[in-house]
Amino acid sequence: MAQSRSLMSEDQFLCSICLDVFTNPVSTPCGHSFCMTCIGDYWDSSKACQCPLCKESFRKRPELHINRTLREITEQFKRMSGGVAGGVFGGEATDASAGGVGGAMADRPPRLGELPGDLFAEMKQRFQRPVADDSTASASAPSPECPAPGPSPAPLVPAPPCPPLASRRYTLSGPADSLDAPQCVRHHQRLELFCRTDQTCVCTECTETEHRSHTIIPAKREWLIKKSQLGITEVELQGMIRDRERKVQEIRASMEDIRTAAERETEGSVQMFSSLVSSMERSQAELLELIEMNCRAAEHQAEGLIHQLEQEIAELRRRSATLSQLAQSEDHILFLRSFPSLCSPLHTKDWSQISVTSDPAAGSVLRTLSQQVERFQEELRRLPEMGLRASAEHSLTRYQPKVKRVQEYAVDVTLDPSTAHPRLILSEDRKQVRCGDRHQPVPDTPDRFDRVVCVLARQGFTTGRYYWEVEVGGKTDWDLGVASQSVNRKGKITVSPAHGYWFLSLRDRNDYAFRTEPSTSLGLHLKPHKIGVYVDYEKGQVSFYNVDAKIHIYTFIDTFSDTIYPFFSPCTNKSGKNEAPLIITPVTLTD
């Protein structure tokens, strides 16, 4: 029995949490053993479910069962040591054990790795095992992760705070290596190497098995390399952050300038409109006063004429009455005396050329005023559009410098007659295309479109940046953009980037869209008269611009893998409504 006892040390049966002999020992999936109550309380009090020794984490809390073999060996060791309360496990020996094995253990000197009985009892007294239900005992409880007390015979002094884990662990296989470095889960060796092939830390035994042919370097060296790279990346990120913070400040300053300018514009516009309204009110009052004065003058003149006419009428009536009386008189002497004076003509005014009509100036003034109002209203309606154009030109200079830059990539584009639909009519210089009423007598080649009225350019692009401009004014329908060399040209075709077509369309005069699946509708406030097309082959970029207004319309980003050609479609002429041609115009650099 003593020989068996000498082969076993109590350190092999101590729980690393409570520092006492196992009680109902259980083993975790990583192979470490603890008291069932200790490991349960440890997991209940921690956020993550992990082993207190090797820190291996478990996604789901393991369902632990008592290790019966380890419990039987522990119970046998307790009986050999004289019980839990005696021997080297602290406490005073019972009377029954004084002369037995316990007494022999108390009398023998401590072996290497064991504590003297009195020192172990003192530590047991100062570091009591915590009780879960007793709140008062927690103050004197040792940390569950403090290391086991060593065999030093020196008196106890207040110890510094314990590390998170014991520096050594004890299992049935004996003491293990230091826990300063993580260990391999499969081989329980330190992860001192790094596999660059799989980008993971490995141990020495891993390099001899599944990582045999991989690139292996010391983990510390890889750490230093990665750390230096991390420092460089951090510096780059900080520089990018500073650049963007400066850009944010610039944009905010620009927004403040814009708000200030908008307030100034608003104040000036309100003041100008107020002055205009006041001026119109004054003009209205003066015009009404003039009309009233003219009316009164006309009335005064008419009243004078009427007064003169009434006097002459009264005089004529008196003479008429006298003549009537003279005609009825029988006195021939009186008749002859009065007749000469009564029949002599009266001194009256010739009224045949006198008339009173309406003032001709009144109608002309009204007509002139109506014309002025119409012109003024037209200018007022154009005012927002002019302001929008001015704002677009201003933003073009400051915020859209790309328009001028793309014009610097201008290329001379000409139409390819061998690809034109039979109804299309091309100019001699190959710069214009329109749709005719009937098919032209042209050969049916594989390159020619036979159903869609479109044509490609002679120039194809496989790299670089290019820009051209097309006049579209006067048309109700058109398509402009680029197409891949390998597109289907016979029969009905599907137009979309997935089928090798990237172009902008106009339908029914006002319906602008980029041809995707489904189409991307574009609400344009200003109807473009000339369209600029810009292509960056490497970036897969196709952009469209309103050349006259200098405004960006739309940009589509894709990947080009084939030669692409400028694409033109004037669409059908719609019985003459859409007969205007598409015209490739020279590019002029803007100031």
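Nothing here was measured: the structure is a model prediction, and the numbers come from that model.

Conventions we followed
- Residues numbered from 1 in each chain as written.
- Predicted model: local features only at pLDDT ≥ 70, side-chain atom pairs only at ≥ 80, totals over all residues.
- Heavy atoms only, no water.
- Pairing = 2+ DSSP bridges.
- Helix = DSSP H or I, 4+ residues; strand = E, 2+ residues; numbered from the N terminus.
- Axes fitted to C-alpha atoms, helices over the stretch in contact; angles between N-to-C directions.
- Parallel < 35°, antiparallel > 145°, perpendicular 65-115°, else oblique.
- Left-handed = near helix turned anticlockwise from the far one by under 90°.
- Contact = heavy atoms within 4.5 Å.
- Core = buried A, V, L, I, M, F, W, Y, C linked by side-chain atoms within 4.5 Å.
- Buried < 20%, exposed > 50% of the residue type's maximum accessible area, 1.4 Å probe, protein only.

Focus: the sheet that holds strand S5 (residues 193-195)
Note on sheets: strands pair through backbone hydrogen bonds, and any given pair is parallel or antiparallel.
Okay, so step 1: The antiparallel open sheet is built from three strands, whose spatial order is S6-S5-S7. In this open sheet, the two strands that pair with only one neighbour each are strand S6 (200-202) and strand S7 (216-218). This sheet shows a mean twist of 40 degrees between the axes of neighbouring strands, independent of strand direction.
Okay, so step 2: Inspection of the sheet shows S5 paired to S7 by three bridges, in the antiparallel sense. From the neighbouring strand, Leu-193 faces S7, where its bridge partner is Pro-218.

Re unusual backbone geometry
Okay, so step 1: For the peptide bond that leads from Glu-517 to Pro-518, omega is 0 degrees, which places it in the cis range.
Okay, so step 2: Secondary-structure assignment places Pro-518 in the loop between strand S14 (511-514) and strand S15 (520-522).
Okay, so step 3: Phi is positive for Leu-19, close to 60 degrees, though the residue is something other than glycine.
Okay, so step 4: Note on placement: Leu-19 falls in the loop between helix H1 (2-6) and strand S1 (25-27).
Okay, so step 5: In this structure, Lys-55 takes a positive phi of about 65 degrees despite not being glycine.

With respect to the packing of helix H7 (residues 219-328) against helix H8 (residues 332-343)
Okay, so step 1: It is the contact of H7 with H8, at a shortest axis distance of 11 Å, that shows an interaxial angle of 155 degrees. Of the possible angle classes, the one that applies to H7 and H8 is roughly antiparallel. Seen along the crossing, H7 lies across H8 with a hand that is left-handed. Residues Arg-319, Thr-322, Leu-323 and Leu-326 of H7 touch H8, and the partners they reach there are Leu-334, Phe-335, Ser-338, Phe-339, Ser-341 and Leu-342.

Concerning the nonpolar core
Okay, so step 1: Counting 38 residues, the largest nonpolar core has Trp-468, Trp-478 and Phe-568 as the members making the most contacts within it.
Okay, so step 2: When sequence neighbours within four positions are dropped, the list of residues in contact with Trp-468 reads Val-411, Val-413, Phe-461, Gly-481, Val-482, Ile-531, Gly-532, Val-533, Val-535, Pro-566, Phe-568 and Val-587.
Okay, so step 3: With 22 residues, the next largest nonpolar core counts Cys-15, Cys-18, Phe-34 and Cys-35 among its residues.

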